[in-house]
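# Structural overview for review
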Amino acid sequence: MSNPTDGEDISVLPIVGIGGLGKTALAKLVFNDECVDSHFELKMWVCVSDDFDLKRLIIKIIKAAKGVEGDCNNMDLEQLQKALRDCLDGKMYLLILDDVWNGDNMKWNELKQLLVGGDRGSKIVVTTRSNQIAEMMGTIPTHNLDVLAEKESSSLFLQFAFKKGEVNRYPHLVKNGEEIVKKCKGVPLVLKTLGGLLLSKTSEYEWKLVRDSEMWALVEKEKTIFPVLKLSDDELPPHLKQCFAYLSVNPKDYGFFDGLLIQFWMAHGLLQPSGENEDLEDIGRHYLNDLSSRSFFQDFEKSFTFNCFKMHDLVHDLAQSVAKNECCTINSSNKKIPHGVRHLCFNNVDFPEQNISSRFLDTQKLSHARTLLFEDMKEGPSSEYFIEKCLSISQKLRVLDLRGANFHAVPRKIGSLKHLRYLNLSGNSNIKKLPNFICKLPSLQTLIISYLELEELPRDMKYLINLRMLAISTRQRVLSENGLEYLKSLRFLGIVGCENLEYLFEGFQNLTSLCTLMIGECKNLISLPQELKFSTALKHLMIGDCEKLDLMTLGIEGSEKEDDNQDYLVRGGLRLQGLSIQKLPKLKAIPEWLLVGSANTLQFLGVFECENLTALAEKHNLTSLESLGIADCPKLASLPQRMPCLKHFEIERCPVLSQRCEPEMGEEWAKIAHVSHIEIEGNEISSSNK
């Protein structure tokens, strides 16, 4: 990677290997390496997949370079080319082109000519399954990825096939596993998939079924690992199989958010309670964990509110084969809607008015649609006309996702979608007003209207009685006149990007089902409602980037101080499981109303960028706390007294506290010496130091 030149205008390194061998994983290791970070001024990652459309790829590269969505969708090709050259001009860059399938030399040369404007020493890394593509694109010798050695293969398989510490309890299964490992021939995705398939199966008969399966002959004959993945799918119970199939409506390399995916499944009635009091969100999480244990997901990124993950492209192919014609992605290389389709994604498709043809608007094809997703749509009357037409035809819609569709007004046809349960309008920054007909959608369960420039929310929000997830942005100063306190079915409430907001609303105690509250980027928020401290159903609270917020005061204009009213001690206070606080410059100590009831229930605590924080929970033993993360709190000097269940402790850029947590020597070390994973200022503390 550090070789200055190979005699070409730009160096292109291909990584070649069969599907599931780890080409993308290797490229990610390179991409995230600290030495690579310091060597290149600019790094970009683009998933190419099977749609090698020049305009689409330029947009992706520009977005990767800028690190933001930007406004590229409305540019023509000439404008995009100039924007790309401006991004790369004189910079030494690294560009990863992942999962390339295009073998058209002319298309590649068109793109390559646009990438020569970087500084000498810039590199492009290409991952592909094809030696021909590698030969066409590469300017330096190809890196042919080899399979894992038998020892590494066995270790990876056992890691997925057994829970931690259980492998020695089943020597007879391990022996069968050794024979399965040999048949996997060192392909990581096969090893992980079969390991996940056999997890929790303790019958030797079941292991032998996999060992002796006829699918191994298909693997040899077809020279593909797809039959192995198919075996994993065949093992899925019917309810999970359908959930898995529906994932294929999204394009390859799509980043799923667990909370939104659960709401998507819920909108289609895929979550099946086994008991009367089971919460649908909990059932959805159980489904996700089950699919995850079978290695259907990868690239996990965990945060306090949502976990993000992706599917391997081969797993996406599998989901597509299960869905058959029910799910379809329309893009520049596939503009044909199949018969029988129920779930469609329109991904970066231009609709010049003269080309809006009957093949798209065939009522026989769209009249039974249940899902419509629009990704990266070009702004303009042709796109708006097309979407309006789709909505007028698709009257049975359950899910409508118009993220970033660049509307100036909410399509009127949405008001007639009486079966609609999931509506996402986020990112449509041109929308200033939300029409009141949104409040008359009787079945709506999920409404995402964050990062819109709404002057105000509709007055009749109280009629959305089935709403379970709500994320909002508004320019209002208060939210007291919108009826949010009547949404008794609400499980998740996100209030983000409300720059003028000073106060929320009264009646929080009426939200008896609210489990998660997220408040962020509300720079003028002064205080939280008094009733919040009585929200006994609340499990997860995240507050961030609210520079005027004082947690020690509650009520309108901070009318109640921390010590004024402690009736939550009698009436029962919060029972939080997770608390995350970030960028609250007024915070000096975590207030009692947050801790009194939560000291024995809190499992996760994260405190970040609180420059004046001096104390966490000095009066309390956090007896259930399992994970504690602290960063950028320079004045913090001590930890809670007792955290007996703590398993993960991480601290960064906290000079005083980090010094006091030094192994063996620090004053705070005794409080964390029992913790299994400790990371202090980027250094992982090994077991020898404990």
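Higher on the page you've got the structure.
Below, the structure is looked at part by part. (Residues numbered from 1 in each chain as written. Predicted model: local features only at pLDDT ≥ 70, side-chain atom pairs only at ≥ 80, totals over all residues. Heavy atoms only, no water.)

### Observations concerning the overall build of the protein
Counted only if it meets this: Comment: elements are numbered from the N terminus, with helices defined as DSSP H or I runs of at least four residues and strands as E runs of at least two. A 1.4 Å probe rolled over the protein chains alone gives each residue an accessible area, and that area as a share of the maximum for its type sets the label: buried under 20%, exposed over 50%, partly exposed in between. Here, Shrake-Rupley sampling with a 1.4 Å probe gives the accessible areas, and only protein chains in the shown set may cover a residue. Two residue types count as positive, namely Lys and Arg, and two as negative, namely Asp and Glu; His and chain ends fall outside the count. By convention, the charge on Lys lies at NZ, on Arg at CZ, on Asp at CG and on Glu at CD.
If you tally the helices and strands in the protein, you get 22 helices and 26 strands. Viewed in the frame of its principal axes, the protein has a C-alpha envelope of about 75 × 65 × 60 Å. In the protein, buried positions account for 52% of the 690 residues. For the protein, the accessible surface area stands at approximately 30800 Å², while carbon and sulfur atoms represent 47% of it. Of the charged side chains in the protein, 81 are positive and 94 negative, and the gap between their average positions amounts to 5 Å.

### Focus on the pattern of salt bridges
Under the convention used in this document: By definition here, a salt bridge exists when the distance from a side-chain nitrogen of Lys or Arg to a carboxyl oxygen of Asp or Glu is within 4 Å.
Per the counting criterion, the structure on display carries 33 salt bridges. With a shortest N-O distance of 4.0 Å, Glu-220 and Lys-223 are connected by a salt bridge. Of the residues examined, Lys-223 reaches a relative accessible area of 67% and is grouped as exposed. The residue Glu-668 makes a salt bridge to Lys-671 at a minimum N-O spacing of 2.8 Å. Considered together, Glu-668 and Lys-671 belong to a single accessibility category, that of buried residues. Sharing partners across several salt bridges, the network here consists of Lys-230, Asp-233, Asp-234 and Lys-241.

### Let's talk about the sheet that holds strand β3 (residues 93-100)
The pairing of strands in a sheet happens through backbone hydrogen bonds and is either parallel or antiparallel. Which entries qualify depends on this criterion: When DSSP finds two or more bridges between two strands, those strands count as paired.
Ordered in space as β2-β3-β4-β1-β5, the five strands form an open sheet in which the pairing is parallel. The sheet is open, and its two borders are formed by β2 (42-49) and β5 (143-144), each paired with just one other strand. Bridge count for strand β1 (residues 11-16) against strand β4 (residues 123-128) is six bridges, and the pairing is parallel. Within β4, the residue paired with Pro-14 across the bridge is Val-126.

### What to know about helix α10 (residues 204-211)
Heads up, the condition is: Directions are taken from the helix axis to each C-beta atom, and the arc is the one they span. We call two residues in contact when some of their heavy atoms are within 4.5 Å.
Taken together, the buried positions of α10 are Trp-207, Val-210 and Arg-211. Buried residues of α10, seen end-on, are gathered within an arc of 100° and therefore sit on one face of the element. Those residues of α10 that are buried lie in contact with α7 (150-161), α8 (171-184), α9 (188-198), α11 (215-222) and α12 (226-234).

### Topic: the sheet that holds strand β8 (residues 307-310)
The three strands are arranged β6-β8-β7 in an open sheet whose pairing can be described as antiparallel. The two strands at the open ends of the sheet, each matched to only one other strand, are β6 (256-257) and β7 (298-302). With three bridges connecting them, β7 and β8 associate as antiparallel partners. Directly across from Lys-302, in β8, lies its bridge partner Asn-307.

### Considerations on the packing of α9 against α12
Stated precisely, the cut-off is as follows: Note on geometry: axes are C-alpha line fits, over the in-contact stretch for helices, and angles between N-to-C directions span 0 to 180 degrees. Angles below 35 degrees are treated as roughly parallel, those above 145 as roughly antiparallel, those between 65 and 115 as roughly perpendicular, and all remaining angles as oblique. Helix crossings get a hand from a simple test, with the near helix turned counterclockwise from the far one by less than a right angle marking a left-handed crossing and a clockwise turn marking a right-handed one.
One can describe the packing of α9 onto α12 by two numbers: an axis separation of 10 Å at closest approach and a directional angle of 20°. Considered as vectors, α9 and α12 are oriented roughly parallel to each other. As for the relative orientation of α9 and α12, their crossing is left-handed in sense. Packed against α9, whose contacting residues are Leu-189, Val-190, Thr-193, Leu-194 and Leu-197, the element α12 presents Val-228, Leu-229, Leu-231 and Ser-232 at the interface.

### What about unusual backbone geometry?
Across residues other than glycine, the phi torsion is negative in most instances, and most of the peptide bonds are trans. One non-glycine residue, Ser-200, lies in positive phi territory at about 75°. Since its relative accessible area comes to 54%, Ser-200 is described here as exposed. Non-glycine residue Tyr-451 carries a positive phi angle of around 60°. With respect to the helices, strands and loops of the structure, Tyr-451 is situated in the loop between β14 (446-449) and β15 (469-472). Residue classification places Tyr-451 among the partly exposed positions, given a relative accessible area of 40%.

### Structural notes on the packing of aromatic side chains
The description of an aromatic ring pair rests on the distance of the ring centres and on the angle between the ring planes. Test applied: Two aromatic rings, drawn from Phe, Tyr or Trp (for Trp, its six-membered ring), form a pair once their centres lie within 6.5 Å of each other, and the interplanar angle then sorts them: stacked below 30 degrees, edge-to-face above 60, tilted otherwise. By definition, being over a ring means that NZ of Lys or CZ of Arg is both within 6 Å of the ring centre and within 35 degrees of the ring normal.
Counted by the stated rule, this structure contains 13 aromatic pairs. Between the aromatic rings of Phe-346 and Phe-386, the centroid separation amounts to 5.1 Å while the plane-to-plane angle is 80°, which identifies the pairing as edge-to-face. On the criterion of sequence distance, the pair formed by Phe-346 in strand β10 (residues 343-347) and Phe-386 in helix α18 (residues 381-393) is long-range, its members being 40 residues apart. In terms of burial, Phe-346 and Phe-386 fall into one category: buried. The structure contains a cluster of three or more aromatic residues connected by ring pairs, namely Tyr-254, Phe-256, Phe-297, Phe-300 and Phe-309. Lys-43 extends its terminal NZ or CZ atom over the ring of Phe-31, reaching a point 4.4 Å from the ring centre. Sitting above the plane of the Tyr-486 ring, Lys-462 keeps its charged end 5.8 Å from the centroid.

### Re α12
Taken residue by residue, α12 has Pro-227, Val-228, Leu-229, Leu-231, Ser-232 and Asp-233 as its buried positions. Looking at the packing, one finds that the buried side of α12 touches α9, α10, α11, α13 (238-246) and α16 (313-323).

### A closer look at the pairing of strand β21 (residues 578-582)
For β21, the buried fraction is high: four of the five residues fall into the buried class. Pairing of strand β18 (residues 540-544) with β21 involves five bridges; the strand directions are parallel. Bridging from a neighbouring strand, Gly-544 pairs with Gln-582 of β21. Relative to strand β22 (residues 604-608), β21 runs parallel, the two being bridged by five bridges. By the bridge assignment for β22, Gln-582 is matched with Phe-608.

### A look at the environment of Gly-606
Within the fold, Gly-606 resides in strand β22. The class for Gly-606 is buried, based on a relative accessible area of 0%. Separated by 514 residues in sequence, Gly-606 and Met-92 have C-alpha atoms that sit 36 Å apart. When sequence neighbours within four positions are dropped, the list of residues in contact with Gly-606 reads Leu-579, Ser-580, Ile-581 and Gly-629.

Read these as spatial facts, not as claims about activity.
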